[in-house]
Amino acid sequence: MASDKQITFPLMLCVGTAVIGSLQFGYNTGVINAPQKIIEGFINETWAERYKEPITKGSLTAIWSISVSIFSVGGIFGSFSVGLFVNRFGRRNSMLLANVLAFISAALMGFSKLAKSWEMLIIGRFVVGLFSGLSTGFVPMYVGEVSPTSLRGALGTLHQLGIVVGILIAQIFGLESIMGNASFWPLLLGLVFIPAVIQCILLPMCPESPRYLLINKNEENKAKTVLKKLRGTSDVSVDMQEMKEESRQMMREKKVTIPELFRSPLYRQPLLVAVILQLSQQLSGINAVFYYSTGIFEKAGVAQPVYATIGAGVVNTAFTVVSLFVVERAGRRSLHLLGLLGMAGSAILMTIALALLERLKWMSYVSIVAIFSFVAFFEIGPGPIPWFIVAELFSQGPRPSAIAVAGFCNWTANFIVGMGFQYVEELCGPYVFVIFTVLLLVFFVFTFFRVPETKGRTFDEISAGFRQTAVTGAEKHSPEELNSLGADSQL
């Protein structure tokens, strides 16, 4: 079908508008990094004014760590609530509603200095975390449902690209000469209201997902009109046929709840793969680099650590674009393996550089190279792949529950790293990345032996492999259960 490859203006408007949510997620991940010293100074002043004594080092570290990682707690709750919104309000309206949270968080963080309240800063970070958790569910879902089958993979990777561009914008705006200073840091954190306003203006111009209109609302004519607009052609019979088939498939399958997902031996293997891949993304140490990169560069003796951090952001963005073009050619499994191995090598190099820094000054340059290559290898595999491989391992019935569980694991690991890294770093010094090296090698071994290659295979073929493993067990499964495992749908 010729129109299948067609990138139309309405399609790009939908995808571009949705990806503003990914940008927000990236921005709020990276924004807290550069102004750390200034915000710690604000916490110290507020504490001294309130309690008439300077803050202890332990309390300051605790308040700072909570400010950083409460974002992930919000993300945990947000990612788990995706299902409540999308089926009730629709995909587009859910994204519209979520912006209320962005406005609330912008007000809380933006006025925290004026109100002399670090509690407002923490609550604002939690609320923007809720928003980001919802976005990590809404955006890939909406983009996947409006995209033609042949472009779904490439357009789906734009979610990750939105995240890394958001991180880069946060790093640039966080420069001391721009907003990373004592006067403007509340504006830097409260800036999330601008993308929220833009998204609120553009979303009403975007149509609702045709798949939602047909399958959830049973509004066939509306779905057909939307498809014609998105595809730029009047013949959308192939798309309609595909969606109707999916609708029939959904009626045949029973919806799988989260407890059922864990109980059924049939889903154990794909669920284990999905969860471990999410953990390999978060526990690889990448967030430690993002959250504390300025500090790491400072320790490495870099004269202008903020610029080195921005350099890492540029590398991050460039390699996400590389991954976008390579993922359909090289395959998910091989890219993930390459990424993990490259990161492990970079982590070893970083450990050596940080350990020898006192004796050899030039090691500071080695540590920068190590961080840049660490970030580059992350974006080749462990960055983008876990986001969309979960959908490839499950079909319509168990997919929403599987995505919720995977998202929950991703955000929980994010929280653990955000909360614990500073303490572990104080304990281990330059050897902190040895822990991540060990984890990366464990994930490499797991991926090598247990993760199937999904490139160029239909969902039925992917699930047939898992089904064989499950059925060789003594348990007998109902036909619907077997049917539910990756039986349909394309990504």
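Cut-offs used in this document
Residues numbered from 1 in each chain as written. Predicted model: local features only at pLDDT ≥ 70, side-chain atom pairs only at ≥ 80, totals over all residues. Heavy atoms only, no water. Helix = DSSP H or I, 4+ residues; strand = E, 2+ residues; numbered from the N terminus. Rg over C-alpha atoms; globule rule 2.2 N^0.38 Å. Buried < 20%, exposed > 50% of the residue type's maximum accessible area, 1.4 Å probe, protein only. 1 Å grid on protein atoms, 1.4 Å probe; cavity = no way out; pocket = protein on both sides within 12 Å on 5 of 7 lines; lining within 4 Å. Points joined across faces, edges and corners; volume = space filled by probe spheres on them. Nonpolar A, V, L, I, M, F, W, Y, C, P; charged D, E, K, R; others polar. Arc of directions from axis to C-beta. Core = buried A, V, L, I, M, F, W, Y, C linked by side-chain atoms within 4.5 Å. Contact = heavy atoms within 4.5 Å. Axes fitted to C-alpha atoms, helices over the stretch in contact; angles between N-to-C directions. Parallel < 35°, antiparallel > 145°, perpendicular 65-115°, else oblique. Phe/Tyr/Trp six-rings, centres within 6.5 Å; stacked < 30°, edge-to-face > 60°. pLDDT = per-residue confidence, 0-100. Salt bridge = Lys/Arg side-chain N within 4 Å of Asp/Glu carboxyl O.

Side note on the overall build of the protein
Alright, step 1. Helix and strand counts for the protein come out as 24 helices and zero strands.
Alright, step 2. In terms of overall size, the protein behaves like a compact globule, its C-alpha atoms giving a radius of gyration of 23 Å where 491 residues would be expected to give roughly 23 Å.
Alright, step 3. The principal-axis extents of the C-alpha atoms in the protein amount to approximately 65 × 45 × 40 Å.
Alright, step 4. For the protein, with 491 residues in total, the buried portion stands at 58%.

Brief notes about the layout of surface pockets
By rolling a water-sized probe across the atoms, one finds the places where empty space is left.
Alright, step 1. Computed from the structure, the second largest pocket encloses a volume of approximately 690 Å³.
Alright, step 2. If you list the elements that add at least two residues to the lining of the second largest pocket, you get α2 (36-51), α3 (57-80), α16 (286-299), α17 (305-330) and α21 (399-428).
Alright, step 3. Sort the elements by how many residues they give to the lining of the second largest pocket and α16 lands first, with seven residues.
Alright, step 4. Here the residues of the lining of the second largest pocket sort into 12 nonpolar, 10 polar and eight charged.

With respect to helix α10 (residues 193-202)
Alright, step 1. Among the residues making up α10, those that are buried are Pro195, Ala196 and Gln199. Seen end-on, α10 carries its buried residues on one side only, within an arc spanning 105°.

A short note on empty space enclosed by the protein
Alright, step 1. Under the counting rule described, the total for this entry stands at three cavities of 30 Å³ or more.
Alright, step 2. Taken as a whole, the largest cavity spans an internal volume of roughly 160 Å³.
Alright, step 3. What lines the largest cavity is a set of 15 residues, among which Phe25, Ile163, Gln282, Asn287 and Phe378 lie closest to the centre.
Alright, step 4. Residue contributions to the lining of the largest cavity peak at four residues, all from helix α8 (residues 158-173).
Alright, step 5. A class-by-class count of the residues in the lining of the largest cavity yields eight nonpolar, six polar and one charged.
Alright, step 6. Considering only enclosed or pocket space, the second largest cavity measures out at about 50 Å³ in volume.
Alright, step 7. Lining the second largest cavity, in full, are Gly30, Asn33, Ala34, Ala170, Gln171, Thr294, Val306, Thr309 and Ile310.

A few points about the nonpolar core
Alright, step 1. Core analysis: the biggest nonpolar cluster contains 99 residues, and Ile39, Ile43, Leu189, Leu261, Phe374, Phe394 and Phe433 have the highest contact counts within it.
Alright, step 2. Per-element accounting of this core gives the leading share, 10 residues, to helix α19 (residues 363-380).
Alright, step 3. If you look at the next biggest cluster of nonpolar residues, it comprises 40 residues, including Leu13, Cys14, Cys206 and Met243.

A word on the side chain of Ser94
Alright, step 1. Locating Ser94 in the fold gives a position in helix α5 (residues 91-110).
Alright, step 2. Discounting residues that sit within four places of it in the chain, Ser94 has contacts with Phe85, Val86, Phe89 and Phe138.

Section: unusual backbone geometry
Alright, step 1. Backbone geometry places Lys116, a non-glycine residue, at a positive phi of 50°.
Alright, step 2. Relative to the helices and strands, Lys116 resides in the loop between α5 and α6 (118-146).
Alright, step 3. For Asn218, which is not a glycine, the phi torsion comes out positive at approximately 60°.
Alright, step 4. Examined against the element boundaries, Asn218 turns out to sit in the loop between α11 (210-216) and α12 (220-231).
Alright, step 5. Taking the relative accessible area as the measure of exposure, Asn218 reaches 64% and is therefore exposed.

Topic: the packing of α21 against helix α22 (residues 432-450)
Alright, step 1. One way to put it is that α21 packs onto α22 with a least axis distance of 7 Å and a crossing angle of 115°. Between α21 and α22, the angle falls in the class roughly perpendicular. Along its contact with α21, which presents Phe421, Val424, Glu425 and Cys428, the element α22 presents Val432, Phe433, Ile435 and Phe436.
Alright, step 2. Each residue belonging to the contact of α21 with α22 can be placed in one class, and the counts come to seven nonpolar, no polar and one charged.

Brief notes about the packing of aromatic side chains
The relation between two aromatic rings is expressed through the spacing of the ring centres and the mutual angle of the planes.
Alright, step 1. In the structure shown here, the tally under the stated rule is 17 aromatic pairs.
Alright, step 2. Measuring from ring centre to ring centre gives 6.5 Å for Phe25 and Trp387, while their planes differ by 85°; the resulting arrangement is edge-to-face. Taken as a pair, Phe25 in helix α1 (residues 9-30) and Trp387 in helix α20 (residues 385-393) lie far apart in primary sequence, 362 residues in all. The pair Phe25 / Trp387 is uniform in exposure class, with both members buried.
Alright, step 3. Between Phe85 and Phe89, the ring centres sit 6.0 Å apart and the planes meet at 45°, which makes this aromatic pair tilted. Within this pair, Phe85 and its partner Phe89 are both found in helix α4 (residues 82-89), separated by four residues, close to a single helical turn.
Alright, step 4. On the accessibility criterion, Phe89 (36% relative accessible area) is partly exposed.

Here's the deal with the confidence of the model for the protein
Alright, step 1. This prediction gives the protein a mean pLDDT of 87; 93% of its residues lie at or above 70.
Alright, step 2. Summarising per-element confidence for the protein, the mean pLDDT is lowest in helix α24 (residues 479-484) (48) and highest in α10 (98).
Alright, step 3. Here residues 482-491 is a poorly scored stretch, pLDDT under 50, and it has 52 contacts once near neighbours within four places are set aside; other chains count.

Describing the pattern of salt bridges
Alright, step 1. For the structure on display, the rule yields 10 salt bridges.
Alright, step 2. Ionic pairing is found between Arg248 and Glu245, a salt bridge with its closest N-O pair at 3.1 Å. Of this pair, Arg248 and Glu245 are both found in helix α13 (residues 237-252), three residues apart, which corresponds to roughly one turn of the helix.
Alright, step 3. The partly exposed category is assigned to Glu245, whose relative accessible area is 36%.
Alright, step 4. Put simply, Arg91, Glu145 and Arg211 are held in one network by salt bridges that share partners.

Things to note about the environment of Phe193
Alright, step 1. By secondary structure assignment, the location of Phe193 is in helix α10.
Alright, step 2. Note on Phe193: relative accessible area 35%, which makes it partly exposed.
Alright, step 3. For Phe193 and Ala370, which are 177 residues apart along the polypeptide, the C-alpha to C-alpha distance reads 35 Å.
Alright, step 4. If we ignore the near neighbours within four places in the chain, the residues touching Phe193 are Phe103 and Ala106.

Thoughts on the environment of Ala404
Alright, step 1. Mapped onto the elements, Ala404 comes out in helix α21.
Alright, step 2. Judged by its relative accessible area of 11%, Ala404 falls in the buried class.
Alright, step 3. C-alpha of Ala404 to C-alpha of Val19: the two residues are 385 residues apart in sequence and 20 Å apart in space.
Alright, step 4. What Ala404 contacts, discounting residues up to four positions off in sequence, is Phe80 and Ile258.

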